[in-house]
Amino acid sequence: MKMLRQNPLTLLGLAIIVSILLLALIAPLIVPYDPNAIDVKAILLAPSKLHMMGTDGLGRDVFSRMLYGARISLMVGFVAVGIATFIGILLGAIAGFYRGWVDTLIMRIVDVMLSIPTFFLILAVIAFLSPSIWNIMVVIGLTSWMGITRLVRAEFLSLRNREFVLAAQALGAKDFRLIFCHLLPNSLTPIIVSSVLGIASAVLVESGLSFLGLGVQAPQASWGNILTDGKEYIQFAWWLSLFPGLAILLTVLGYNLLGDGLRDAYNPRSHQH
Amino acid sequence: MMMPTKTTRLIQLWLVSFSVTLISACGSTDEGDKQTSGPDFNMAYPPSAGGTMVDAMTGEPSGLIAMIAGESAASAIAGNIFNSLLKYDKNLDLSGELAQSWDVSSDQRTITFHLKPNLKWADHQPLTSADVMFTWLKVTDENTRTPYGSDFKLVSKAETPDAQTFKVTYAAPYAPALDTWAGLHILPKHLLKDQDINNSAFARNPVGSHYYKLTEWKNGQYLKLSRNKNASQGQAKIDHLLSRIIPDKAAQFLELSADNIDSMGLNPIQYARIFPSRADLTKNIGLYKELGNSYSYMGFNLKRKPFDDVRVRQAINYAIDKQEIIDGVLLGLGEPVASPYKPGTRWSNPSLKPYPYNPSKARALLREAGYADTDGDGILDKDGKPFSFEILTNQNKEREMTAVLIQRRLKEVGIEVNIRVLEWASFLGRFIKPKQFDAVILGWSLSLDPDQYGIWHSSQQAPGQFNFISYNNPQADKLLEAGRLELNPEKRMQIYHAFSKILLDDSPVIYLSAGYGLSAIHKRVKGISNPAPAAGIGHNTYEWHIPKAYYRNEMNDQ
């Protein structure tokens, strides 16, 4: 924690994340308008006192939609990464612990998955399933577990023959106990770092999908689909592109700063300076 | 073989609903801004020949034989190069183009076209009935990959008694026949007779008989047309038409602002919001709007419950506020419609009125149909199932926004709507053809003939055919059949008025709006009809002219 405090950028990242999380959490309490309230008499109004971030093509308040969009974007990030982390830990632990042909098999699956351009795979899958927020979270999760699998496996391989593990094994600990009580707690650091960075990319993927119209479906707001709504009017309704763009940028930046900071803080080799 | 007709022409037009056709001027003559720095484009000049007009199109034609290419970009360019036997005049009445006159036999099965004398192709070869015969043979040839064949396959016998006469006989009277001949470009036999029309070099190097001929085609950049000295219809005024390929509407708009193009189609935002706020644009560029030949609608899958119940369909119709859609999505640049015909034309029944927005009537009808909110969740239900359905549409901003507005209004009467936006190919292939949908928001673009057999007749429900909503009403069927056999315009009008009435009462689709075609044309182009006749602003492009004083530095442009 001390390392964290010494790095102002990490703190900035943390501050950004916490404030966006907070805003998303209390969105229903602070939104000035119903995010889906249509007003065809107030179409595409520029930012003003009445509408902090202006209104969109159907006269909906962009600020309110941004706040609700934050909930969607962040939820997609967390759930998708949750799924990816779960799968990653499970497969990585099996591969690293049992080694042999199980390891070979899992690693080859990882190689195959890594060789597929993920975004296009997601596009194809979403085009087949109906695009909904749940499908998106699951699909992003199911296509982004490979990095964590590799990390966990590598950690397990190096920890597997350490004395404390051998000792535990000699005392008769079952595989399950070895994996979850001894090996996993000692591999948590890289998993956390990788997950935090993963959230950033999940937020990006969701925005990208929504931008292409395959993400969160109307009338629900997400940053990606506010952005895509704004594309049409970019020449004179700049607020429809600027605010969601900034929000995506800040969130991804925040997670990346935090992730990098965490990595540096826990990396023994970066302790020197 | 008796193929359904007309339908083929409809599908390619389907995509381009809200396409822009040039028409009726409004507000192009305002004298507002007097502090001009550049030339004053409001001065009047006598017509003179010369100059270049530059316009923009979003897509590049695949070729310029319209019957093979099929896309609207090809038709737009080819329409300046090729003639048909007949054309629609400025009042939308049929008149001769290559044909000087035509006779219909007393049994209404035979049409004899008399060609104008001394017609020539752009390469000086004579244009005769043999070319017309050749074109008919090609369009009906099984080896020709054209979607337009079915209309012409109804011709049981075609003859050329002499070089000026072309005679077709139909197995039964076919009312839309003349309309079909107004849409078929006549091709030169002497250049195409030994060629595979599907892959002919002629498609990129066409020789026609109309006002212009193609002089240059730079892939991905532009097509340049120049005046045809042998034109069958006299000489156009403007020397060159340059069509630049600019796929993005926003980029086109920037080019228009920079005075690099003279005309383009606008979307409602550009027309109603951007233009009025830019004095530099309104000073030099005229705005035009016209009611297009298309409308948007929400169609039900009539094979699915509960849309087989007319009360439910009517209730939904009452629950949707069409004016709100016109105001919100089209920024007021559209009209409500009550029949599948262009308002104000002969075929549109003037006594029909759109369903007014009336949510309480909608609720009453739904109650009558057995729906009630028994569990108090705000959503109506019947037999324990909530009333919830999915609206499908393609990736089209205006349709997506329409869907959101409908979703909101239907929720107010207790119907839950989900919206699903799909890419066009999978929309057609996975949902429309196998009829896997509850409701769709789409548009129809229509030809000038009122025959809509392909869209509404109960026999046209097979996968890939156009009655994908499965509309089936024996009375409507009878009228559609009668309308194809009746050549008397008055009687024919009565038939389609009656048909429209049935359609409105049945409400198999909810008419949402007919949007205006919006366009901008630089004021250097003179001779544009104002106000425009029924055929629209584009009816007399051959009379448009650019005064010498207003020539742009054309050689530098390209």
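Residues numbered from 1 in each chain as written. Chains lettered and ligands numbered in written order. Predicted model: local features only at pLDDT ≥ 70, side-chain atom pairs only at ≥ 80, totals over all residues.

1. Focus: the overall build of chain B
Going by this rule: Here a helix means four or more residues in a row that DSSP labels H or I, a strand means two or more in a row labelled E, and each is numbered from the N terminus. Only C-alpha atoms enter the radius of gyration; for comparison, a globular chain is expected to reach 2.2 Å times N to the power 0.38, where N is the number of residues. Each residue is classed by its C-beta neighbour count within 10 Å, where at least 20 other C-beta atoms makes it buried, 12 or fewer makes it exposed, and intermediate counts make it partly exposed; the C-beta atoms are placed from backbone geometry. By the convention adopted here, residues make contact when the C-beta atoms placed from their backbones lie within 7 Å.
Along chain B, the regular secondary structure elements total 19 helices and 20 strands. Since a compact globule built from 558 residues should have a radius of gyration of about 24 Å, the 25 Å found for chain B is in line with a globular shape. Looking at chain B as a whole, 46% of its 558 residues are labelled buried. Restricting to contacts in chain B with at least 6 residues of sequence separation, those with at least 24 account for 70%.

2. Digging into the domain arrangement of chain B
One frequently used descriptor of interface size is the decrease in accessible area upon assembly of the parts. All names here are of chain B. We apply this condition: What counts as a domain boundary in this text is fixed by an automatic or database domain assignment. Polar here means any residue outside two lists: the nonpolar Ala, Val, Leu, Ile, Met, Phe, Trp, Tyr, Cys and Pro, and the charged Asp, Glu, Lys and Arg; Gly therefore counts as polar.
The domains assigned to chain B are domain 1 (86-197) and domain 2 (294-515). Taken over C-alpha atoms, the centre of domain 1 sits 36 Å from the centre of domain 2. With 10 residues of domain 1 at the contact, the number on the domain 2 side is 10 residues. When grouped by side-chain class, the residues that make up the side of domain 1 that touches domain 2 number 8 nonpolar, 1 polar and 1 charged.

3. What about the packing of helix α2 (residues 8-25) of chain A against helix α4 (residues 62-98) of chain A?
Residue and element names in this part refer to chain A. To keep it simple, the criterion reads: To get an axis, fit a line to the C-alpha atoms, keeping to the stretch in contact for a helix; angles then go from 0 to 180 degrees between the N-to-C directions. In these notes the angle categories are as follows: under 35 degrees is roughly parallel, over 145 is roughly antiparallel, 65 to 115 is roughly perpendicular, and the rest is oblique. Less than a right angle of anticlockwise turn of the near helix away from the far helix marks a crossing as left-handed, whereas a clockwise turn marks it as right-handed.
Across the interface, α2 lies against α4 with an axial gap of 8 Å and an inter-helix angle of 115°. With respect to α4, the element α2 is oriented roughly perpendicular. Between α2 and α4 the crossing geometry is left-handed. Of the residues in α4, those touching α2 at Ile20, Leu21, Leu23 and Ala24 are Leu67, Ala70, Arg71 and Leu74. For the contact of α2 with α4, the residue count by class is 7 nonpolar, no polar and 1 charged.

4. Regarding the interface of chain A and chain B
Each partner contributes residues to the interface: chain A has 16 residues there, and chain B has 21 residues. Considered class by class, the residues forming the side of chain A that touches chain B number 10 nonpolar, 5 polar and 1 charged.

5. Some details on the pairing of strand β7 (residues 165-170) of chain B
Residue and element names in this part refer to chain B. Selection criterion: Strand pairing is defined by DSSP finding a minimum of two bridges between the two strands.
Relative to β7, strand β5 (residues 110-115) is paired through 5 bridges, and the arrangement is antiparallel. Looking at β7, one finds that Phe113 is bridged to Phe166. Where strand β6 (residues 155-162) meets β7, 5 bridges bridge the pair, whose relative direction is antiparallel. If you follow Asp162 over to β7, its bridge partner there is Thr165. Here β6 folds back onto β7, and the loop between the two strands holds 2 residues.

6. With respect to unusual backbone geometry
Residue and element names in this part refer to chain B. Here the amide bond leading from Lys305 into Pro306 is cis, since omega sits at 0°, within 30 degrees of zero. Mapping Pro306 onto the fold places it in the loop between β13 (294-300) and α11 (310-319). Here the phi dihedral of Gln108 falls at roughly 65°; this positive angle occurs in a residue that is not glycine. Mapped onto the elements, Gln108 comes out in the loop between β4 (99-104) and β5. For Gln108, a count of 17 C-beta atoms within 10 Å translates into the label partly exposed. The phi dihedral of Asp259 falls on the positive side, at around 60°, and the residue is not glycine. Inspection of the secondary structure assignment puts Asp259 in the loop between α8 (249-257) and β11 (263-266). Asp259 sits in the partly exposed class, given 17 other C-beta atoms within 10 Å.

7. Details of the packing of helix α17 (residues 474-485) of chain B against helix α18 (residues 489-506) of chain B
A pair of packed helices can be characterised by two numbers: the angle between their axes and the separation between those axes. Residue and element names in this part refer to chain B. Where α17 meets α18, the axes come as close as 9 Å, and the angle between the chain directions of the two elements is 155°. Regarding the angle of α17 to α18, the classification is roughly antiparallel. Here α17 and α18 pass one another in a crossing that is left-handed. Note on element contacts: α18 touches α17 through Arg492, Ile495, Tyr496, Ala498, Phe499, Ile502 and Leu503, opposite Gln475, Ala476, Leu479, Leu480, Ala482 and Gly483. Per-class residue counts for the contact of α17 with α18 are 10 nonpolar, 2 polar and 1 charged.

8. Details of the environment of Val193 of chain A
Residue and element names in this part refer to chain A. Within the element layout of this structure, Val193 appears in helix α11 (residues 188-211). Through-space distance from the C-alpha of Val193 to that of Asn256 is 9.5 Å; in sequence the pair is 63 residues apart. Those residues in contact with Val193 that lie beyond four places of it in its chain are Gly259, Leu262 and Arg263.

9. Comments concerning the environment of Gly88 of chain A
All names here are of chain A. With respect to the helices, strands and loops of the structure, Gly88 is situated in helix α4. Counting along the chain gives 81 residues from Gly88 to Asn7, while the straight-line C-alpha distance between them is 29 Å. Not counting the four nearest positions on each side in its chain, Gly88 is found in contact with Trp145, Ile148, Thr149 and Val152.

10. Concerning the sheet that holds β5 of chain B
All names here are of chain B. Taken in spatial order, the 4 strands make up an open sheet running β4-β5-β7-β6, and their pairing is antiparallel. The sheet terminates laterally at β4 and β6, the two strands that pair on one side only. Pairwise comparison of adjacent strand axes, ignoring direction, gives a mean angle of 15° for this sheet. As defined by bridge partners, β4 adjoins β5 across 5 bridges and the pair is classed as antiparallel. Pairing of Trp102 across the sheet is with Phe113, part of β5. Sheet strands touched by helix α4 (residues 129-140): β5, β6 and β7. Its angle to β6, the strand with the most contacts, is close to 165°.

11. Overview of the nonpolar core
Residues and elements named next belong to chain B. To keep it simple, the criterion reads: One nonpolar core equals one set of buried Ala, Val, Leu, Ile, Met, Phe, Trp, Tyr and Cys residues connected by C-beta atoms within 7 Å.
Core analysis: the biggest nonpolar cluster contains 145 residues, and Met298 and Ile391 have the highest contact counts within it. By residue number, the principal contributor to this core is strand β20 (residues 509-522), which donates 9 residues. Contacts of Met298, omitting those with residues within four sequence positions, involve Ile391, Ile406, Ala439, Ile441, Val509, Ile510 and Leu512.

12. Some thoughts on the environment of Lys167 of chain B
Residue and element names in this part refer to chain B. Locating Lys167 in the fold gives a position in strand β7. Distance in space between the C-alpha atoms of Lys167 and Leu154 is 14 Å, their sequence separation being 13 residues. Apart from the residues lying within four places of it in its own chain, the contact partners of Lys167 are Thr110, Thr112, Glu159 and Pro161.

13. Side note on the confidence of the model for chain A
To keep things clear, this is the line we draw: The score called pLDDT rates the predictor's confidence residue by residue, from a low of 0 to a high of 100.
Confidence in the prediction of chain A, expressed as mean pLDDT, is 88, and 96% of residues score 70 or more. Summarising per-element confidence for chain A, the mean pLDDT is lowest in helix α1 (residues 2-6) of chain A (63) and highest in helix α5 (residues 100-115) of chain A (94).

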